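The lines below spell out each chain.
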Amino acid sequence: VPALATEPQFAQRLREHLEEEQLLDGRYRLQKVPGGRMAMPVLEEKLSRLRLPQEMPCGLVWIQDPIPSRAARRQTPAQKLRDELRRLVGESWSEELERDVPRAWQRHGDLVLLSEDSLRAAPWEKMGPVLWETVASALGAQRLARRGRVLPDGMRSPSVTLLLGQDGWVEHVDNGIRYTFDVTKCMFSPGNITEKLRVASLPCSGEVLVDLYAGIGYFTLPYLVHAAAAFAHACEWNGHAVEALRRNLVLNGVQDRCRIHHGDSRQVSSADRPRPPRPRVASPSPPLSFQLELRDVADRVNLGLIPSSEEGWPVACRVLKKGTGGVLHIHHNVETFPTPALLQAPVLRAERGSPEGANSDGEAQHPTEDGGKKALGARIRPEWQRWAEAAAARIQGLLAELHGQPWRTSILHIEAVKSYAPHVHHLVLDLECRPTLP
């Protein structure tokens, strides 16, 4: 970096002069250079404005290995990025550009994913590759991408632009599970980590899982790796996600315990009642004649689709073991209306495991699968309770119609995963479904 070197007795006066002229480069410390002089780093982009003061003998030198200042070491990444961009822009810096600098981002290994509204101002567009190289360097990344809006194609495909680098494949580790995916093709939601942790703790030893919306394996992998499910059927219609899922099964050494069903799981075989698929954008290399042949195989079904997985409920009923039934994990976004605090926290009857918590059949409710420890005393909103009861009644009806005999459904647990939008919560209902013995 460029610096002005002077004798020690002039160092303080020179520093004050450079600070007054806004020429001092605060990123680096003052350093001694050969001859005993003190060198003060100056901003390279302002060298043209540099005028050497006559009353202080000094000269321009270049420091080969500058030492970061204490202030620079204390900087947050966002502050460092702002300062680097300000230096890049120079005198054209403005409040508009300041507002456009990102303050948060996602990091996936050596790739940083910027938010949709970052660095959109017109002056940035004129800077070309040097802008993205500066951003990557400031954030310690090799590759850079920027999010867009999620595409309305039924697959929640991301609209991500790669700004720097050759490809968007990254690796992410959650709870000891390795996920690899192309950020320009597949979504990854860190907000679902609590549900992935909960799934990993469920007692699934010896069970068969059907994951109707597997994606890259968000939930399939915790069931196999940590919850010890014996086998999983992973259903997914997005070809990009299927490719990532195949890699992830191998990465985690569970490829022999999972079968991937590539296609729309709502399209059923001719033996079942047909359900017309909704309009959708085709995925890469779609299996056009795909029909999900699974029936009577699952101890547990995961329906991890939001805002609603309701279209998958008939399929979930069909794949449950008809002799013993099993558990459905139903994801759904539920609107919660603002109410006074004292009125919005009733105890969930189903989670108490008490005789008062009856299901739609009048059967006694079961405690949660972890013995009720987490759920005991848990409080939920009235809207959550009403949605769970309606879902339980609907699925009970579907099962009775499918098998021609009564079934009972019991609410085991309602999990609030995250706030999805104002007054909207992403919930998971654990619903036990069992045939009623004659």
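Further up the page is the structure itself.
Cut-off values and rules
- Here the residue numbers are simple positions, counted from 1 along each chain's written sequence.
- Only residues with pLDDT of at least 70 get local features here, since the model is predicted, and only at 80 or more are side-chain atom pairs given and counted; chain-wide, interface and lining totals rely on the full set of residues.
- By convention in this description, side-chain values take in all heavy atoms of the structure and omit both hydrogens and water.
- The criterion for strand pairing is that DSSP finds at least two bridges linking the strands in question.
- The secondary structure listing takes helices from DSSP runs of H or I that are at least 4 residues long and strands from runs of E that are at least 2 residues long, numbered from the N terminus.
- Note on method: axes are straight lines fitted to C-alpha atoms, helices fitted across the in-contact stretch only, with angles between N-to-C directions ranging 0 to 180 degrees.
- Here, residues are in contact when the closest pair of their heavy atoms is within 4.5 Å.
- Ring pairs shown here join Phe, Tyr and Trp side chains whose ring centres sit within 6.5 Å, with only the six-membered ring taken for Trp; geometry is labelled stacked below 30 degrees between planes, edge-to-face above 60, and tilted in between.
- Partly exposed describes any residue whose relative accessible area lies between the buried limit of under 20% and the exposed limit of over 50%, with all areas from a 1.4 Å probe on protein chains only and scaled to the type maximum.
- Ring-over charges, as used throughout, are those where CZ of Arg or NZ of Lys falls within 6 Å of the ring centre and within 35 degrees of the ring normal.
- Here, a disulfide means two cysteine sulfur atoms that sit within 2.5 Å of each other.
- Each salt bridge in this description consists of a side-chain nitrogen of Lys or Arg and a carboxyl oxygen of Asp or Glu lying within 4 Å of one another.
- For the purposes of this section, nonpolar cores are sets of buried Ala, Val, Leu, Ile, Met, Phe, Trp, Tyr and Cys residues that join through side-chain atoms within 4.5 Å.

Draft legend 1. Expanded view of the sheet that holds strand β17 (residues 424-435). If you walk across this open sheet you meet the seven strands as β13-β12-β11-β14-β15-β17-β16, and the pairing is mixed. Both outer strands of the open sheet, β13 (258-262) and β16 (407-421), are each paired with one neighbouring strand and no more. The mean inter-strand angle of the sheet, taken between neighbouring strand axes irrespective of direction, is 15°. As paired strands, strand β11 (residues 208-211) and strand β14 (residues 300-303) are joined by three bridges and run parallel to one another. By the bridge assignment for β14, Asp211 is matched with Asn302. Strands β15 (326-335), β16 and β17 of the sheet are contacted by helix α7 (residues 193-200), whose axis makes an angle of about 145° with β16. Where helix α9 (residues 239-251) meets the sheet, its contacts fall on β12 (231-236) and β13, and the angle it forms with β13 comes to roughly 170°.

Draft legend 2. A look at the packing of aromatic side chains. All chains considered together, the criterion is met by one aromatic pair. Seen in terms of ring centroids, Trp93 and Trp124 are 6.3 Å apart; in terms of plane orientation they differ by 70°. Their pairing is edge-to-face. Residue Trp93 is located in the loop between α3 (77-89) and α4 (95-100), and its partner Trp124 is located in helix α5 (residues 122-125); the two are separated by 31 residues in the primary sequence. Given the relative accessible area of 2%, Trp124 is considered buried. One cation-aromatic arrangement involves Lys196 over Tyr179; the distance from NZ or CZ to the ring centre is 5.2 Å.

Draft legend 3. Here's a closer look at the state of the cysteines. In the structure shown here, the tally under the stated rule is zero disulfides. Between Cys433, a cysteine without a disulfide, and Cys317, which holds the nearest cysteine sulfur, the sulfur-to-sulfur distance is 6.4 Å.

Draft legend 4. Structural context of the pattern of salt bridges. In the structure shown here, the tally under the stated rule is 18 salt bridges. Between Arg143 and Asp110 there is a salt bridge, with its nearest N and O atoms 2.8 Å apart. A residue pair is termed long-range when its members are at least 10 positions apart, and Arg143 in strand β7 (residues 143-147) and Asp110 in the loop between β5 (105-108) and β6 (111-114) qualify at 33 residues. For Arg198, the salt bridge is made with Asp430, and the minimal N-O distance between the two is 2.7 Å. Of this pair, Arg198 sits in helix α7 while Asp430 sits in strand β17; the two residues are 232 residues apart in sequence, bridging distant segments of the chain. An identical accessibility class is assigned to Arg198 and Asp430; each is buried. Bridged by salt links that share partners, the residues Asp25, Arg27, Glu84 and Arg87 form one connected network.

Draft legend 5. Expanded view of the nonpolar core. Residues Leu212, Val301, Leu303, Leu328, Ile330, Ile395 and Leu429 are the most contacted members of the largest nonpolar core, which totals 35 residues. Residue assignment for this core shows that the elements contributing at least two residues are β14, α10 (313-319), β15, α12 (382-403), β16 and β17. The leading source of residues in this core is α12, at eight residues. Those residues in contact with Leu429 that sit more than four places away from it in its chain are Leu328, His329, Ile330, Trp387, Ala388, Ala391, Ile411, His413 and Ile414. With 34 residues, the next largest nonpolar core counts Phe181, Cys204, Phe219 and Val242 among its residues.

Draft legend 6. Main features of the sheet that holds β6. Strand order across the open sheet formed by four strands is β5-β6-β7-β8, with mixed pairing between neighbours. Each end of this open sheet is capped by a strand with a single partner; those strands are β5 and β8 (160-164). Recorded for the sheet is a direction-independent mean angle of 25° between the axes of neighbouring strands. Of the strand pairs in this sheet, β5 and β6 are connected by four bridges, and their pairing is antiparallel. Looking at β6, one finds that Trp105 is bridged to Leu114.

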